[in-house]
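# Observations on the three-dimensional arrangement
The lines below spell out each chain.
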Amino acid sequence: MSTLAILISLFLLMYLAYRGISVLILAPVLAALAVLLSGDISLMLPIYTETFMGALGNYLLNFFPIFLLGAIFGQLIADSGAASSIATWFTKVLGPKHAILTVVLACGALTYGGVSLFVVAFAIFPIAKVMFYQANIPKRLIPGTIALGAFTFTMTALPGTPAIQNAIPIPYYGTNVFAAPGLGIIAAAIMFFVGWLWLNRRAQAAQAAGEGYGEHNDGVADEHLNTQAQMPVLSAFSPLLLVIALNALFTYVIFPAMDFSAINQAFEAIDPTKKLGIWAIIISLVLASLWLIIIAFARFHHLRDTINKGTLGSMLPAFNTASEVGYGAVIAGLAGFAILKELVLNVSPNNPLISEAVAMMTLAGITGSSSGGLSIALQTLGADYLQIVLENNISPELLHRVAVIAAGGFDTLPHCGAIITLLSICSLNHRQSYMDIAAVTIFGPLLALSSVIALGTMFGSF
C-alpha cells in the first residue's frame, strides 16, 4: 500500500503542479497524503515538522544565499541597462533569427564555467526576454531555451563540467569529472542539436501563426525602446565574465592554497572542503554585483528599489525548490520507497549500464532531482555496479558517464524544483512552457543516453 501511496502522491503532484497550483502548498499536502495512505497517520505531524521541514530548512541553509544573490545580480543586470545592451549587441552580430541559439550558448558558457544554474537563470532571463522581444519570438519559449543551455549538456555530458551531478559518482567509481570524454562530447552534441532544432521549429510555427512575443507585464517593451539606458557592450559583459573568472579563481587557485585549520577549530562540524564551491560563488556574486553598481551607478534611478525587487524575487523560487526537497525527503523515508528502489535497481541484471540507467532515471524522477536520484542509487548499489563492471572488463568511466546522463533524463518532470524555479523567474506557468522544457530536457537526453549505452557496449569507454 505504501508503494501505491507514493505513486498516487507523485501523480497528483505532477498533475496539479502542471495545472498551476503552487508547490508551496502542494508539496506538504501531498507528502502528508502519501504518509496517510501508507498507514502512518500517527507519524504525520512529526514527519512534517522533522522530516519535511528539516529537509526544507537544510536546503535553504545551504543554498538560499545563492538564490538571494543570484536574484539581486539578475535585477542589477536588468535595471542597469546591461541586459538590453547585451541583447542588442547579439542581435546585431548574429541577427534576430539566432536569439534562441544565443541564449543557449550563453547559458551553456556560464554553467560550464561553474556558475550555478539558478544564478544563470536569474542573470540570463533579463537578457533573453529583450532578445526574444526584438526577434518577435514567443516568451513562452524562454524557459525551454534556458533549460537547454543550463540543464542538459553542460550539466551531465561535457567532460570536465563542474556540475555537482558530474562529481557525485567520483568516490563510488574512483573516476574524475573528465570520465569518458569522447562519449560525453557525443552525448552533449545530441542534446544540443535535438533541443535547438525543436525550439527553432516551435519558433517558426509560432511566427507562421502570427503569435509574436505575447502580452506580458514584464517591462520588456520599455527596456527594448529605451536605448539611451543601454550600457557600453564591454561594460555590460564585464559582470557576467567576472562571475566566471572569480569563481574559477577562488575554486582552483585561492582556496586550494589556503589553510582552513582556524575554521576547523572554530566550527568543528564544518568540513570546509565541502563548502568551497558555495563560498566561491557567494564571493563571486557579491563582487560582481558591487562591480556592476560601481560602473553603472548613475544608471540606477532607484538602486534601493532594484535591490529590494531582486531580494523579493528570490523568495518564491527558493521556497518552491526547498519545498520539493522536503517532499522528496518524506517520500524517501516511506517503506514503499525501498520497494520501488529495489525494483528499478534490479532491471536488466545482465547489463549493468541499462540497469544503472533505469535506476538513475527512476529515482531522479521520483525525487525530482538528478543529484538526489544519483546519490540514492549510488549509496545503495554503487559498489555492486563497480564490482560487476570490473569483473566484465568494463571501464568505470563508462559507468560514471551513463549514471550522470541518465540522472538528467527524468529529473525535469513537472514537480522538479528547478523547473518550478525557472518558471517562477520567467513569470510563466507549466501550461505555457512545460512541453518545450520537457522536449529539450527529457527527449534529447534520453536519445543521448541510448547512444552512449549503445556505443559504450560496442566500443567501451573513449
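Report follows, based on the coordinates. Computed from a predicted structure; not experimentally measured.

### Considerations on the overall build of the protein chain
Across its full length, the protein chain carries 22 helices and 0 strands. Relative to its length of 462 residues, the protein chain is compact, with a C-alpha radius of gyration of 22 Å against a globular reference of 23 Å. Counting only residues that meet the buried cut, the protein chain has 54% of its 462 residues in that class. The long-range fraction of contacts in the protein chain, counting pairs at least 24 apart against all pairs at least 6 apart in sequence, stands at 83%. Here the protein chain has roughly 19500 Å² of accessible surface; of this, 66% comes from carbon and sulfur atoms. The protein chain carries 16 positive and 20 negative side-chain charges, and their two centres are separated by 13 Å.

### Considering a nonpolar patch on the surface
On the surface, a cluster of nonpolar side chains totalling about 310 Å² of accessible area is made up of L24, M315, L316 and F319. Note that L24 resides in helix 2 (residues 23-37). Residue class for L24 comes out partly exposed when judged on its relative accessible area of 35%.

### What about the pattern of salt bridges?
All chains considered together, the criterion is met by 4 salt bridges. For R202, the salt bridge goes to D436, with nearest N and O atoms at 2.6 Å. Taken together, the positions of R202 in helix 11 (residues 181-208) and D436 in helix 22 (residues 430-459) put the pair 234 residues apart, joining distant regions of the chain. Salt bridges linked by common partners bring R140, R202, E211 and D436 together as one network.

### Notes on the packing of helix 6 (residues 117-135) against helix 7 (residues 142-151)
Their axes nearest at 10 Å, the elements helix 6 and helix 7 cross at an angle of 135°. As summarised for this structure, helix 6 and helix 7 are arranged oblique, according to the angle between their axes. Helix 7 is crossed by helix 6, and the crossing has right-handed handedness. Facing L117, V120, A121, I124, F125, A128, K129 and F132 of helix 6, the residues of helix 7 in contact are I142, T145, I146, A150 and F151. Split by residue class, the contact of helix 6 with helix 7 holds 11 nonpolar, 1 polar and 1 charged.

### Some points on the packing of aromatic side chains
The geometry of an aromatic ring pair is captured by two quantities: the separation of the ring centres and the angle between the planes. Here the structure, examined in full by the defined rule, presents 11 aromatic pairs. Cluster of aromatic residues (ring-pair linked, three or more members): F153, F192, F193 and W196.

### Here we look at helix 3 (residues 44-79)
The terminal C-alpha atoms of helix 3 lie 46 Å apart, and with 36 residues this falls more than 12% below the ideal 52 Å at 1.5 Å per residue. In the structure, helix 3 departs most strongly from a straight axis at F63, where the bend amounts to approximately 55° and where the proline P65 lies between one and four residues downstream. Downstream of helix 3 by one or two residues, G81 has phi in the positive range, about 95°.

### Comments concerning the nonpolar core
By size, the foremost hydrophobic cluster in this structure holds 139 residues, and its most contacted members are I124, I127, F132, I146 and Y327. Top element by residues in this core is helix 6. It accounts for 15 residues. In this structure, F132 is in contact with A99, I100, V103, I137, P138, L141, I142, T145 and Y213, ignoring residues within four places of it in sequence. If you look at the next biggest cluster of nonpolar residues, it comprises 6 residues, including L246, F250, F255 and L276.

### Let's talk about the packing of helix 4 (residues 82-94) against helix 6
Between helix 4 and helix 6, the least distance of the axes is 8 Å, while the angle of their chain directions is 45°. What the angle tells us is that helix 4 and helix 6 run oblique. When you trace helix 4 past helix 6, the crossing you get is right-handed. Note on element contacts: helix 6 touches helix 4 through P126, I127, V130, M131 and Q134, opposite A83, S84, I86, A87, T88, F90 and T91. Residue composition of the contact of helix 4 with helix 6, by class: 8 nonpolar, 4 polar and no charged.

### A look at the side chain of Q75
Take Q75: it is sitting in helix 3. In contact with Q75, other than residues within four places in its own chain, are T306, K309 and G310.

The rules behind the values
Residues numbered from 1 in each chain as written. Predicted model: local features only at pLDDT ≥ 70, side-chain atom pairs only at ≥ 80, totals over all residues. Heavy atoms only, no water. Helix = DSSP H or I, 4+ residues; strand = E, 2+ residues; numbered from the N terminus. Rg over C-alpha atoms; globule rule 2.2 N^0.38 Å. Buried < 20%, exposed > 50% of the residue type's maximum accessible area, 1.4 Å probe, protein only. Contact = heavy atoms within 4.5 Å. Areas by Shrake-Rupley, 256 points an atom, 1.4 Å probe, with all protein chains shown as cover. Lys, Arg positive; Asp, Glu negative; His and termini not counted. Charge placed at Lys NZ, Arg CZ, Asp CG, Glu CD. Patch = residues over 30% accessible without salt bridge, like charges linked within 9 Å, V, L, I, M, F, W, Y side chains within 5 Å. Salt bridge = Lys/Arg side-chain N within 4 Å of Asp/Glu carboxyl O. Axes fitted to C-alpha atoms, helices over the stretch in contact; angles between N-to-C directions. Parallel < 35°, antiparallel > 145°, perpendicular 65-115°, else oblique. Left-handed = near helix turned anticlockwise from the far one by under 90°. Nonpolar A, V, L, I, M, F, W, Y, C, P; charged D, E, K, R; others polar. Phe/Tyr/Trp six-rings, centres within 6.5 Å; stacked < 30°, edge-to-face > 60°. Expected span 1.5 Å × (residues − 1). Bend = angle between axes of the 7 residues up to and from the residue. Core = buried A, V, L, I, M, F, W, Y, C linked by side-chain atoms within 4.5 Å.

Function cannot be inferred from these measures alone, as they are strictly geometric.
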